[in-house]
Structures are given as structure tokens and as C-alpha cells.
Amino acid sequence: MQLKVKTKEIPEWLQKFCVLDTEAIIEILQKKQFCDCDRMPTHEVKYALAQWFKSLVDSIEADPDWFINAHCSKQFIQHLPEPFDLEELDE
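Q: So, the overall build of the protein chain: which residues are in play, and what are the values?
A: Each helix and strand counted, the protein chain has 5 helices and 0 strands in total. Starting at the N terminus and ending at the C terminus, the protein chain contains elements arranged as α-α-α-α-α. Counting every position in the protein chain, which comprises 91 residues, the buried fraction comes to 13%. The contacts of the protein chain with a sequence gap of at least 6 include a subset with a gap of at least 24, amounting to 56%. A total accessible area of about 8,600 Å² is found for the protein chain, and carbon and sulfur atoms account for 57% of it.

So, in C-alpha cells, the structure goes:
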């Protein structure tokens, strides 16, 4: 009897949305032996990383106020123009 192993798919949205070097992140996870990633096949770590990213996005979507208040607002604010740099719109 031969068992068929279910293939884990990496969500397509990750490749479109994410411009991170996931291979580099996986390499770091494996080098640091994070959660025994060094003992697992790379495709398993890649799948887990994709699910981790998905849970982060889901958390942001579920509670954007929490994300806005808790994460990196300084980096967002530094890229906004100063009020005097904005042109007034004639109505």
C-alpha cells in the first residue's frame, strides 16, 4: 500500500505581496536552530514561514488599531510630508 503525502502549498499572495528574501530568513532560522528548523527540510520551514506571515497579516486585518499603535509608527511618520510641504487644494 502506497501513501500519498499531501503537498503543502505556499500561498500565492505571499509571492505577490512579500518582497522579503524568504530564503535568507529561512537560512537564518536554520542557522539559529530556531524551533529546530535546522533539523527540518527547507520546504517545511518555508511553509511554516508562509503561515507565520499569514497570521501576522490576519492579525493586522483583525485589529488594525493594535498594529498601528504597537508597531513602527516612527518609520511611517518619517515618510509623511510636513504640513507646510503640502499644497493647498483650491475647491
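There is more to say after this.
Q: Kindly report on the packing of helix 2 (residues 22–31) against helix 3 (residues 42–62), identifying the contributing residues and their values.
A: Where helix 2 contacts helix 3, the two axes come as close as 10 Å, and the packing angle between them is 110°. When the axis of helix 2 is compared with that of helix 3, the two are roughly perpendicular. Taking contact as the criterion, the partners of Thr22, Glu23, Ile25, Ile26, Leu29 and Gln30 in helix 2 are, on helix 3, Thr42, Val45, Lys46, Leu49, Trp52 and Phe53. Here the contact of helix 2 with helix 3 is built from residues that sort into 7 nonpolar, 3 polar and 2 charged.

Q: Can you explain the nonpolar core? Please cite residues and give values.
A: If you look at the biggest cluster of nonpolar residues, it comprises 6 residues: Ile26, Leu29, Cys37, Val45, Leu49 and Phe53. Elements with a contribution of two residues or more to this core: helix 2 and helix 3. When residues no more than four places from it in sequence are discounted, the contact partners of Ile26 are Thr42, Val45, Lys46 and Leu49.

Q: Kindly report on the environment of Leu56, identifying the contributing residues and their values.
A: Following the sequence through the fold, Leu56 ends up in helix 3. Taking the C-alpha atoms as reference points, Leu56 and Phe67, separated by 11 residues in sequence, lie 9.7 Å from one another.

Calculation rules
Residues numbered from 1 in each chain as written. Predicted model: local features only at pLDDT ≥ 70, side-chain atom pairs only at ≥ 80, totals over all residues. Heavy atoms only, no water. Helix = DSSP H or I, 4+ residues; strand = E, 2+ residues; numbered from the N terminus. Buried < 20%, exposed > 50% of the residue type's maximum accessible area, 1.4 Å probe, protein only. Contact = heavy atoms within 4.5 Å. Areas by Shrake-Rupley, 256 points an atom, 1.4 Å probe, with all protein chains shown as cover. Axes fitted to C-alpha atoms, helices over the stretch in contact; angles between N-to-C directions. Parallel < 35°, antiparallel > 145°, perpendicular 65-115°, else oblique. Nonpolar A, V, L, I, M, F, W, Y, C, P; charged D, E, K, R; others polar. Core = buried A, V, L, I, M, F, W, Y, C linked by side-chain atoms within 4.5 Å.

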